[in-house]
Protein chains: 4
Amino acid sequence: MPKLIAIIAGVGPGTGSAVARRFAQAYPVVLLARSQQSLDPVTREIKENGGSAISIPTDVTSASGMTATMDQVKAHFGSDISIAAAVYNVASKFVRKPFLEQSSEEFLGSLEPSIKGAFNFAQATLPFMLDAKEAQYPPTLIFTGATAALKGGSGLSGFAMSKFGIRAMSQSLAREFGPKGVHVSHAIIDGIIDTEKTRGYSQDIADSKIDPEWIAESYWFLHTQPRTSFTHELDLRPYSETW
Amino acid sequence: MPKLIAIIAGVGPGTGSAVARRFAQAYPVVLLARSQQSLDPVTREIKENGGSAISIPTDVTSASGMTATMDQVKAHFGSDISIAAAVYNVASKFVRKPFLEQSSEEFLGSLEPSIKGAFNFAQATLPFMLDAKEAQYPPTLIFTGATAALKGGSGLSGFAMSKFGIRAMSQSLAREFGPKGVHVSHAIIDGIIDTEKTRGYSQDIADSKIDPEWIAESYWFLHTQPRTSFTHELDLRPYSETW
Amino acid sequence: MPKLIAIIAGVGPGTGSAVARRFAQAYPVVLLARSQQSLDPVTREIKENGGSAISIPTDVTSASGMTATMDQVKAHFGSDISIAAAVYNVASKFVRKPFLEQSSEEFLGSLEPSIKGAFNFAQATLPFMLDAKEAQYPPTLIFTGATAALKGGSGLSGFAMSKFGIRAMSQSLAREFGPKGVHVSHAIIDGIIDTEKTRGYSQDIADSKIDPEWIAESYWFLHTQPRTSFTHELDLRPYSETW
Amino acid sequence: MPKLIAIIAGVGPGTGSAVARRFAQAYPVVLLARSQQSLDPVTREIKENGGSAISIPTDVTSASGMTATMDQVKAHFGSDISIAAAVYNVASKFVRKPFLEQSSEEFLGSLEPSIKGAFNFAQATLPFMLDAKEAQYPPTLIFTGATAALKGGSGLSGFAMSKFGIRAMSQSLAREFGPKGVHVSHAIIDGIIDTEKTRGYSQDIADSKIDPEWIAESYWFLHTQPRTSFTHELDLRPYSETW
């Protein structure tokens, strides 16, 4: 059987790292982010805990960049690999700005991760997932989504378009690749994620931010579901969130 | 701390039993169904495996019946109990029939479990969940839903009404009791559940029916989520399902 | 061809009256409400403007009440009638109250109009719609819905259940009776309706309440759509509404 | 008061032409399409019927192209114009193809109309809508959507992404510009539109294709709604459609 690996795109200090650590408990993990600095701490941490991780700075919005990354992956692990789990966690830039003040560059630029990036990532990983069916768990492709996947907001047309778009892709791929045994899922992260950056937010209410470790745990749970019982979509929010 | 128990309404040979077995790994379980016969096999099985279970034949559509049941629960476990998990799995009668051929009795009767039953069950259990907040896992109230919670079908107005209705109640209770630390969830079961009764269906495609054990596992997973990271809704369907 | 009439249930001073006046421009109208007092002013007004209207105090939640009403309709117009348009506008009682403080009677009572009432009304009117296909406009059955048809709110489980339920019925009937040429629609009224009772609300923002005449106009528009181009669902809200 | 005009992008032989003819009954219309040939017949027809129309071949996916078009509009009508209605009807290319066989160019190319095009069109027209508030009808921006705005299908990730995306933009703009008095709407066209090209489809069932004249009529109806009573979304489908 081919060697099973996991690959996570969008590894920053919050969700991406937590997902990487979680899946590293079971698989060698490939970690992608734009900058090596984002990747270093979690890569080191995984290795220190006895896991296996390689980090490859990658611009997923570039098709050739993503191809080069997969070449590196094969150079590292050998070409007889299968992807047990692929997680697309690349953030869409959150821009809240009056629509008429947005430049074309700003608007279109904010869509690149969710459109080009998601397309490149799915195209690069799915071929390695189709033959992972004899593995313990069905191969799993997970997209991180947001509230804005369900509801457009004032001043948020670009952000909403990118989140609606990721959801559209996730549904389409689930309907195409589900019958081939690949589990495609979409998680609606509805609330502030608890990271370094958000430390100062919502401090007055205890536990009012989403724990990235539990986003990771939820993704791992999705991964373990057998093909009789796939979840396509789940939401995650703090108990205190108004929705 | 009060004694933690789990309570499951709608224990038949499929999902209900699987959920009962799963939660019995952690808590004494109270099993409800209309008939003692439905309850006996799983109650016995749980006890044989070292778990603790009591079964109480109950018509959940009767407010007084549900009250009497809770009295029995307190007589059995003492009044210092908390409900760690309550699962409402009572089936809405599936009637597909031309609308104009449905009698008022048929139509309204098919709604009793989802309306009166869900109301009685939630009212009887929530008071015992509000003080279970110091437990390891937040108290959890789960409703079993179906595809028909999202889409009304021809000849299925009563069934759809009951499933839409359960979803409405689940959302309302989640918004009311979430901030009080109670985790309310709704599972959309989209496909045929693999039970004795459905043995003959979909036999040509392997694994094309939902495994009740994995419905149970998914409910258990929901139960373990901390209050930072509650899932309100997830779907469950076989990889081969058209949706 | 049979005589075409329109029938409106839930005729109070707001939407119901406006709908009655609008459809009375084209058809003799049958107006239903619990009390004769609600019916009198609009019935008189329609007649004064040259229209034809009869009012029949009816408890639509009673199957026999609804049958008796249809008997009166036939006694009045003769039995060779067809229903060109039927509008179900009976309000679900809006109760916002902590769930655990709701009595069973309160909860279930608030559901009667949306469940029994809608069922009785649809069963009584649809048989007279199936043969109205040669009329200028396809026979149309419209349900008035609300925001709560899409989203359950804290303390609103009964109200949400009734609005989700009406939507479920509307979708099911649309899928069953659409192919038979009956146009079934559901309108999501999202905002405060401008009536006597709401005169004092939202006075600081001009035009911030929904004009019942335009609910009526929208229903009339739905009625005029040919069977090539049916709208099943539309929303209606003031420009100033946050949603 | 400024001169009121209507502008329609995506004028082909079906919906676009029908919408153009409908709005030409009330306003001088500006018709946009990639090729002059698409524009000629309907422009001529409108003029022959006493309407006023100018056609400007425009690639709406080009920001500078759209700007140049607006310059031409101002050169033609003078700069004191307001846009009473703007309709974005540019088709997303319908590509159903296995995901892994789609090239990056194909995938991204199919998204251009819905992303760049919709952005350019909305940015070019909204500034001329903000001051049309004293007109008889509130200024109206309508996007033509599709079933794929609600549901991603196998092999349709690009198409779904573009339709979900248009819906996201429409919702965001509605929430931003609604309070400024601009009516933004999204129409879900669910079914085959009856055009030259689709003449051969669904011939066995009478009236089973959507009439473009009635799409136009529905858009016109949306336009006439006062700001007390805006519809943001409606669907349109033939009575015979399975949904």
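Scroll up for the structure.
Residues numbered from 1 in each chain as written. Chains lettered and ligands numbered in written order. Predicted model: local features only at pLDDT ≥ 70, side-chain atom pairs only at ≥ 80, totals over all residues. Heavy atoms only, no water.

S.K.: Just to check I follow, could you spell out the overall build of chain A for this structure?
M.R.: Regarding its fold elements, chain A presents six helices and seven strands. Sequence-ordered secondary structure for chain A, helices as α and strands as β, is β-α-β-α-β-α-β-α-β-α-β-α-β. Relative to a compact globule of 243 residues, whose C-alpha radius of gyration would be 18 Å, chain A shows 17 Å and is just as compact. For the C-alpha atoms alone, the extent of chain A along its principal axes is close to 50 × 40 × 40 Å. Contacts spanning at least 24 positions in sequence make up 69% of the contacts within chain A whose residues lie at least 6 apart. (Helix = DSSP H or I, 4+ residues; strand = E, 2+ residues; numbered from the N terminus. Rg over C-alpha atoms; globule rule 2.2 N^0.38 Å. Contact = heavy atoms within 4.5 Å.)

S.K.: Looking at this model, I keep getting lost on the nonpolar core. Mind explaining?
M.R.: Grouped burial of nonpolar side chains is what soluble globular proteins tend to show. By size, the foremost hydrophobic cluster in this structure holds 86 residues, and its most contacted members are Leu141 and Leu173 of chain B together with Leu141 and Leu173 of chain C. Excluding its chain neighbours within four sequence positions, the residues that come into contact with Leu141 of chain B are Ala86, Phe121, Ala122, Thr125, Leu126, Met129, Leu173, His183, Val184 and Ser185 of chain B. Core analysis: the second largest hydrophobic core is formed by 84 residues, Ala9 of chain A together with Met66, Leu126 and Val184 of chain D among them. (Core = buried A, V, L, I, M, F, W, Y, C linked by side-chain atoms within 4.5 Å. Buried < 20%, exposed > 50% of the residue type's maximum accessible area, 1.4 Å probe, protein only.)

S.K.: Explanation requested: the interface of chain C and chain B in the structure shown.
M.R.: It is common to report an interface's size as the accessible area lost on association of the parts. In this complex, chain C contributes 41 residues to the contact, which on the side of chain B involves 40 residues. Where chain C abuts chain B, roughly 3200 Å² becomes buried across the two surfaces, and 73% of that area is made up of carbon and sulfur atoms. Taken as a group, Phe99, Phe119 and Met161 of chain C account for 20% of the area that chain C buries against chain B, more than any other trio of residues on that side. Our count for the contact surface shared by chain C and chain B stands at zero salt bridges. At the boundary of chain C and chain B, one finds 14 residue pairs in polar contact (both at pLDDT 80 or more). Those elements giving two or more residues to the side of chain C that touches chain B turn out to be α4 (104-125) and α5 (157-177) of chain C. Tallied by class, the residues present in the side of chain C that touches chain B amount to 22 nonpolar, 14 polar and five charged. (Buried area = accessible area lost by both parts, 1.4 Å probe. Salt bridge = Lys/Arg side-chain N within 4 Å of Asp/Glu carboxyl O. Polar contact = N/O pair within 3.5 Å; in protein donor to acceptor, adjacent residues only side chain to side chain. Nonpolar A, V, L, I, M, F, W, Y, C, P; charged D, E, K, R; others polar.)

S.K.: I'm lost on the environment of Ser62 of chain D in this one. Help?
M.R.: Residues and elements named next belong to chain D. Tracing the sequence through the fold places Ser62 in the loop between β3 (53-57) and α3 (63-77). The partly exposed category is assigned to Ser62, whose relative accessible area is 22%. For the pair Ser62 and Phe119, spaced 57 residues apart in sequence, the C-alpha to C-alpha distance is 10 Å.

S.K.: Honestly, the packing of α4 of chain C against α5 of chain C in this entry has me stumped. Any pointers?
M.R.: Two quantities define a packed helix pair, namely the angle between the axes and the distance from one axis to the other. Residues and elements named next belong to chain C. Where α4 contacts α5, the axes come no closer than 8 Å and their chain directions differ by 15°. Considering their axes alone, α4 and α5 lie roughly parallel with respect to each other. You can see that α4 and α5 cross each other, and the crossing is right-handed. Residues Phe107, Ser110, Leu111, Ser114, Ala118, Phe119 and Ala122 of α4 form the contact with α5, whose own contacting residues are Ser157, Gly158, Met161, Ser162, Ile166, Met169 and Leu173. Here the residues of the contact of α4 with α5 are counted per class, giving nine nonpolar, five polar and no charged. (Axes fitted to C-alpha atoms, helices over the stretch in contact; angles between N-to-C directions. Parallel < 35°, antiparallel > 145°, perpendicular 65-115°, else oblique. Left-handed = near helix turned anticlockwise from the far one by under 90°.)

S.K.: Which parts of the structure should I look at to understand the packing of helix α1 (residues 15-24) of chain B against helix α2 (residues 36-48) of chain B?
M.R.: Residues and elements named next belong to chain B. The geometry of α1 relative to α2 is characterised by a closest axis approach of 10 Å and an angle of 20° between their N-to-C directions. By the angle between their directions, the pair α1 and α2 is classed as roughly parallel. Between α1 and α2 the crossing geometry is right-handed. Contacts from Ser17, Ala20, Arg21 and Ala24 of α1 reach α2 at Val42, Glu45 and Ile46. Tallied by class, residues from the contact of α1 with α2 come to four nonpolar, one polar and two charged.

S.K.: For this particular structure, what's the right way to read α2 of chain B?
M.R.: An α-helical turn contains 3.6 residues, so a residue and the one three or four places further along point in the same direction. Residues and elements named next belong to chain B. Spanning 13 residues, α2 covers 18 Å between terminal C-alpha atoms, matching the ideal 18 Å at 1.5 Å per step. Residues of α2 that are buried: Leu39, Val42, Thr43 and Ile46. Buried residues along α2 cover an arc of 110° about the axis, so they all sit on one side. Residues of α2 that are exposed and angled more than 90 degrees away from the buried face: Gln37 and Glu48. Phi for Gly50, located one or two positions after α2, is positive at around 85°. (Expected span 1.5 Å × (residues − 1). Arc of directions from axis to C-beta.)

S.K.: Can you help me understand the relation of the copies chain C and chain B in this one?
M.R.: What connects the two chain copies is a rotation about an axis and a shift along it. The operation relating chain C to chain B is a screw motion whose rotation component is 180°, with 0.0 Å of axial translation and a residual RMSD of 0.0 Å. Expressed as an axis order, the relation between the two copies is that of a two-fold axis. (Least-squares fit on C-alpha atoms with pLDDT ≥ 70 in both.)

S.K.: How should I be thinking about the environment of Thr231 of chain C in this particular structure?
M.R.: One can find Thr231 of chain C in the loop between α6 (212-224) and β7 (233-236). Judged by its relative accessible area of 0%, Thr231 of chain C falls in the buried class. Expressed as a C-alpha distance, the spacing of Thr231 of chain C and His186 of chain C, which sit 45 residues apart in the sequence, is 8.8 Å. Separated by 2.7 Å, the side chain of Thr231 of chain C and the backbone oxygen of Asp235 of chain D make a polar contact.

S.K.: Please explain the packing of aromatic side chains as it appears in this structure.
M.R.: Geometry of an aromatic ring pair is reported as the spacing of the ring centres plus the angle between the planes. Within the structure shown, the criterion is met by 42 aromatic pairs over all chains. Ring geometry for Tyr27 of chain A versus Trp220 of chain A: centroids 6.2 Å apart, planes at 50°, classification tilted. With Tyr27 of chain A in the loop between α1 (15-24) and β2 (29-33) and Trp220 of chain A in helix α6 (residues 212-224), the pair connects residues that are 193 residues apart, well separated along the chain. Between Tyr88 of chain B and Phe121 of chain B, the ring centres sit 5.3 Å apart and the planes meet at 45°, which makes this aromatic pair tilted. Taken together, the positions of Tyr88 of chain B in strand β4 (residues 81-88) and Phe121 of chain B in helix α4 (residues 104-125) put the pair 33 residues apart, joining distant regions of the chain. Across the pair, Phe121 of chain B and Tyr88 of chain B agree in class, each one buried. Put simply, the rings of Phe23, Tyr27, Tyr137 and Trp220 of chain A pair up and form one aromatic cluster. (Phe/Tyr/Trp six-rings, centres within 6.5 Å; stacked < 30°, edge-to-face > 60°.)

S.K.: Looking at this structure, how should I read unusual backbone geometry?
M.R.: A negative phi angle is the norm for most residues apart from glycine, just as the trans form is the norm for most peptide bonds. Its identity as a non-glycine residue notwithstanding, Asp207 of chain B has a phi of 60°, on the positive side. Of the residues examined, Asp207 of chain B reaches a relative accessible area of 38% and is grouped as partly exposed.

S.K.: Sorry if this is basic, but what is going on with the pattern of salt bridges here?
M.R.: Between side chains of opposite charge, a pair can form as their charged atoms come close. Using the criterion set out here, one finds 52 salt bridges over all chains in the structure. Here Glu217 of chain B ties to Arg22 of chain B by a salt bridge, and the two come within 3.0 Å at their closest N and O atoms. Of the two residues, Glu217 of chain B sits in helix α6 (residues 212-224) while Arg22 of chain B sits in helix α1, which places them 195 residues apart along the sequence. In this structure Glu217 of chain B comes out as partly exposed when scored by relative accessible area, which is 26%. Given a relative accessible area of 14%, Arg22 of chain B falls into the buried group. Across the pair Arg237 of chain C and Asp235 of chain C runs a salt bridge whose closest N-O atoms are separated by 3.4 Å. The same class applies to Arg237 of chain C as to Asp235 of chain C, namely buried. Several salt bridges share partner residues, and in doing so they unite Arg21, Glu45 and Glu213 of chain A into one network.

S.K.: Looking at this structure, how should I read the pairing of strand β6 (residues 183-189) of chain A?
M.R.: Along any regular strand, the residues point their side chains to alternate faces of the sheet. Residues and elements named next belong to chain A. Most of β6 sits out of view: seven of its seven residues are buried. Where burial is concerned, the two faces of β6 agree: the one with His183, Ser185, Ala187 and Ile189 and the one with Val184, His186 and Ile188 are both buried. With helix α5 (residues 157-177) bridging strand β5 (residues 140-146) and its parallel neighbour β6, the resulting β-α-β unit is right-handed. Pairing between β6 and strand β7 (residues 233-236): four bridges, direction parallel. Across the sheet, residue His186 finds its bridge partner in β7, namely Glu233. A crossover links β6 with its parallel partner β7, the connecting element being α6, and its sense is left-handed. (Right-handed = clockwise from strand over helix to strand, strands pointing away. Pairing = 2+ DSSP bridges.)

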